[in-house]
Amino acid sequence: MPPPDPLPGTAYGLSVVSNRLPPGAPGATTAEHSSRAEAGGQLPDSSCISPSVLRVAIPTPLRRLFDYRPSQAPPPDGWQPGIRVRVPFGRRLVVGVVESCRHDSDLPLAKLKPVEEWLDASPLPADWLWLCRFTARYYQHSLGDTLHQAMPVLLRQGRPVAGRMREQWRVTDSGRGPGDERLKRAPRQAELLAMLRQHPHGLPTQAVVAQSFTREQLLALVEKGLLERQETPLTASPQPASGHLLAEPSLPLKREQAAALAAIHERLDHFHPCLLHGVTGSGKTEVYLQLIEAVVSRGRQALLLVPEIGLTPQTLARFRQRFQVPVVALHSGLTDNERLDAWEAAASGRAPIIIGTRSAIFTPLSRPGVIIVDEEHDGSFKQQEGLRYHARDLAVARAHHHGIPLVLGTATPSLESLHHARSGAYRHLRLTQRASRHAPARLELVDLRGRPRQGGLIPPVLEAIRGTLDAGHQVLVFINRRGFAPTLACHACGWLADCDHCDARMTLHRQPPVLACHHCDKRRPIPDACPACGSGDLRPLGSGTERTEETLAALFPQVPVHRIDRDSTRRRDAFEAILTEVKRGEPCLLVGTQMLAKGHHLPHVTLVVVVNADAGLYASDFRALEHSAQLLVQVAGRAGRSSHPGRVLVQTLHDDDPHLRLLAETGYDALAEQLLAERRAAGLPPFRFLALLRLESPREDAANALASNASAALREWLQARGLGVDCLGPVPAPMERRQNRYHLQLMLASDKRSQLHEACAQLTAWLEATPEARKARWSLDVDPQTLS
Ligand code: ADP
Ligand code: ZN
Ligand code: ZN
């Protein structure tokens, strides 16, 4: 079987697109020593002892490489692509990566600046370099910036990868002796010594500090001769536990789980993309666990990507409980040192299991065995600024490169992945049964029209809440708006609290009281009287989480109401504390945004209420409906996950909407089929490929002029080349004015990915070479997930 297209479309049909600037273009000589070069192109020479030119990728947005002269002393094994170097760039010294070693440059060799120093004796990991090159090419991003983004902070700063030492502290013979007089007046030091005595092999600094001791206390004990400080190479430990892989037995699989695992297991040595399409609670995680067990027992590594919201201590605990070997977690709470340790452990193969969010796709692996993407449809896998990559799509490309299985797990597949599964490019594995007794609850639509609302909820829904609480169960109320109310309105004149900087309303918050714009973060005090007419009759319009929480707390004073949104969980452990409390099972009300909707196992929730399902129904964004259906199913999946069946009430003003009815009556799969048919008819992804150029400027006329010139130049070029790429726009962005800047968009669409990429390369080259474009901000989004 030929390899299927790994990315939505044909990434592998993608030729190496050169970002070569036209000769003599104004952007071609920004730096004296610069060279026009193929960004992310092939490597002319893989290695050479004494090249006369090093072509270096520099952390700059410019899509090009820069030539330097090698310094006097080459690294021990000679110059090679993938070695970091410190080089002068403009007036600064920056850390770049050698991309190729050569004997030619577009500039006279005498004009090239020398490399200051080399930073690596051997190149950075080859699989990682491959992925960065692929990413830069695919997303049409500067290679230097891609490498920079993809490496741990300490490597960006020029620190060495390996050879770093771990500091350890060990009790000396005299420290083991009878109690020391000198510690009588230093009780913490005495405690520290007592603690370390229990670890005859010593403890690393990190472990000591984690128990609230300080470095000063450690050094004081060294001074007294009771402790000794040792340094061991970081790479020497910790060794993966040999022999036993599992710390607890795995569950006997249900029939469908076993069939899915067997299917993936069939081809562990090949690229083998699988869509694990299983209803919420069907035991996908158990399949991952047993697949990882199989892969690790063969001496290979497993990389698991989870959504931002999914990387909770509970998820990690589940993996750490199962395995005796180390499970490395890459999350935002790591220090720079820990991050580099994890990177090195993965690159050296010491870490058999790596779990992380989006950016963990850039973890080097020396013995890759499987890549798993949990909740593959989740929006957090797409980076929405700078390097706009999609970690799921890169996972496909990476698994293909390594020749290993790829598992995309979800209850609600993205239309892209579903399309590939239906066309046979991905193996379609289904789990239709929940591991627990009850099938996922159906959505019951509740008509909001003409009904009085309290905190956004109508009387029959409030009755259902009361009944559930009376039965001793928990209720989850989902509302995708934080704050007290979406805005503040004057009932005398109709004034609304608009943001001065955006085409948007300001959200009313009560805790603390303030008007805040969720688009630009501007804040202002809540006025006492209407700024337009002076009336005092200002009222909140609509409901957010705070208002629903307040209403429910007043209506159901006998049970606790927990609000979960970004505001209420700013403290890192606040969310965990609530979840722990909720898992105890006492009746309670949970009010929250999508933070609450995804992934959490809340066994005592039997009623889920969706305050308003209408946001995605009539949005202009073509993916809005897909995303909103996925979210609804996720939310609904929180209901009835253990011994009691669940119920899901969905409030809507459009209970006759055909899409919503299809979702409620037949389910996500039927809706997805329908949406695929509509996308095909409309010529939209996954049947066509898109790229979106976003342009912004503080001056409306400047933004307009630049966008029109760019599209005119591109259209002319497309016509001359005879490429099948449509250029649509420019049009104003859905929110035209944001942060006092004007936003415009230009859309490129094509049936052929390679042609789309050619057009994108042309467009970015034109923008880089055009002086007016430097006064505006622009960015290119290949496979945009939203059009906002
Ligand atoms: P998903 O990831 O598909 O949402 P989970 O893996 O979280 O589902 O499983 C849901 C629940 O079912 C968990 O409590 C899990 O321990 C349990 N479970 C999964 N597989 C089995 C099995 N084979 N036998 C018994 N319980 C299982
Ligand atoms: Zn007014
Ligand atoms: Zn604003």
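Residues numbered from 1 in each chain as written. Chains lettered and ligands numbered in written order. Predicted model: local features only at pLDDT ≥ 70, side-chain atom pairs only at ≥ 80, totals over all residues. Heavy atoms only, no water.

Within an unreviewed UniProt entry, the label attached to the chain reads Replication restart protein PriA, and the organism entered is Billgrantia montanilacus. The record held by UniProt for the chain lists under Function (unreviewed entry) the comment "Initiates the restart of stalled replication forks, which reloads the replicative helicase on sites other than the origin of replication. Recognizes and binds to abandoned replication forks and remodels them to uncover a helicase loading site. Promotes assembly of the primosome at these replication forks." Note on the chain: under the UniProt heading Sequence similarities (unreviewed entry), the record states "Belongs to the helicase family. PriA subfamily." (UniProt positions renumbered as here; feature names shortened; annotations may be inferred.)

Trainee: Go over the packing of helix H5 (residues 187-197) against helix H7 (residues 215-223), please, and point to the residues and values.
Mentor: The geometry of H5 relative to H7 is characterised by a closest axis approach of 10 Å and an angle of 80° between their N-to-C directions. Relative to H7, the element H5 lies roughly perpendicular. On H7, the residues touching Arg 188, Gln 189, Leu 192, Leu 193 and Leu 196 of H5 are Gln 217, Leu 218, Ala 220 and Leu 221. Of the residues in the contact of H5 with H7, the class split is 6 nonpolar, 2 polar and 1 charged. (Axes fitted to C-alpha atoms, helices over the stretch in contact; angles between N-to-C directions. Helix = DSSP H or I, 4+ residues; strand = E, 2+ residues; numbered from the N terminus. Parallel < 35°, antiparallel > 145°, perpendicular 65-115°, else oblique. Contact = heavy atoms within 4.5 Å. Nonpolar A, V, L, I, M, F, W, Y, C, P; charged D, E, K, R; others polar.)

Trainee: Could you give an account of unusual backbone geometry, naming the residues involved and the relevant values?
Mentor: Note that the residue after Pro 685, namely Pro 686, is joined by a cis bond; omega there is 5°. Within the element layout of this structure, Pro 686 appears in the loop between helix H20 (668-682) and strand S27 (689-697). Residue Pro 730 follows Gly 729 across a cis peptide bond; omega there is 10°. Looking at the element boundaries, Pro 730 is found in strand S28 (residues 725-738). The phi dihedral of Glu 375 is positive, around 55°, even though this residue is not glycine. Mapping Glu 375 onto the fold places it in the loop between strand S13 (368-374) and helix H12 (391-402). Glu 375 sits in the buried class, given a relative accessible area of 14%. The phi dihedral of Asp 521 falls on the positive side, at around 70°, and the residue is not glycine. Inspection of the secondary structure puts Asp 521 in the loop between strand S20 (513-516) and strand S21 (523-524). Residue Asp 521 is classed as exposed on the basis of its relative accessible area, which comes to 53%. (Buried < 20%, exposed > 50% of the residue type's maximum accessible area, 1.4 Å probe, protein only.)

Trainee: Give me the coordination of the zinc ion (ligand 3): which residues, what numbers.
Mentor: Within the protein, the zinc ion (ligand 3) binds to Cys 499 (SG), Cys 502 (SG), Cys 517 (SG) and Cys 520 (SG); these donor distances fall in the range 2.3 Å. Geometry at the zinc ion (ligand 3) is tetrahedral, judged from the 4 donor atoms that bind it and their angles of 105 to 115° at the metal. Mapped onto the polypeptide sequence, the residues donating to the zinc ion (ligand 3) form the spacing pattern C-x2-C-x14-C-x2-C. For Cys 499, a relative accessible area of 4% corresponds to the buried category. Residue Cys 502 is classed as buried on the basis of its relative accessible area, which comes to 2%. (Donors = N, O, S within 2.8 Å, 3.2 Å for Na, K, Ca; no water. Tetrahedral: all angles 85-135°; square planar, octahedral: opposite > 155°, others 65-115°.)

Trainee: An account of the sheet that holds strand S24 (residues 589-592) is requested, with residue identities and associated values reported.
Mentor: Hydrogen bonds between backbone atoms are what pair the strands of a sheet, whose relative direction is either parallel or antiparallel. Strand order in the open sheet made by the 6 strands is S16-S26-S25-S17-S24-S23, with parallel pairing throughout. Each edge of the sheet is formed by a strand with only one pairing partner; in this case those strands are strand S16 (443-447) and strand S23 (561-564). With strand direction ignored, the average angle separating the axes of adjacent strands in the sheet is 20°. Across the sheet, helix H16 (residues 574-583) lies against strand S17 (474-478), S23 and S24, angled at about 145° from S23, the strand it touches most. Lying on the sheet, helix H19 (residues 658-665) is in contact with S16 and strand S26 (647-652); it crosses S16 at an angle near 140°. (Pairing = 2+ DSSP bridges.)

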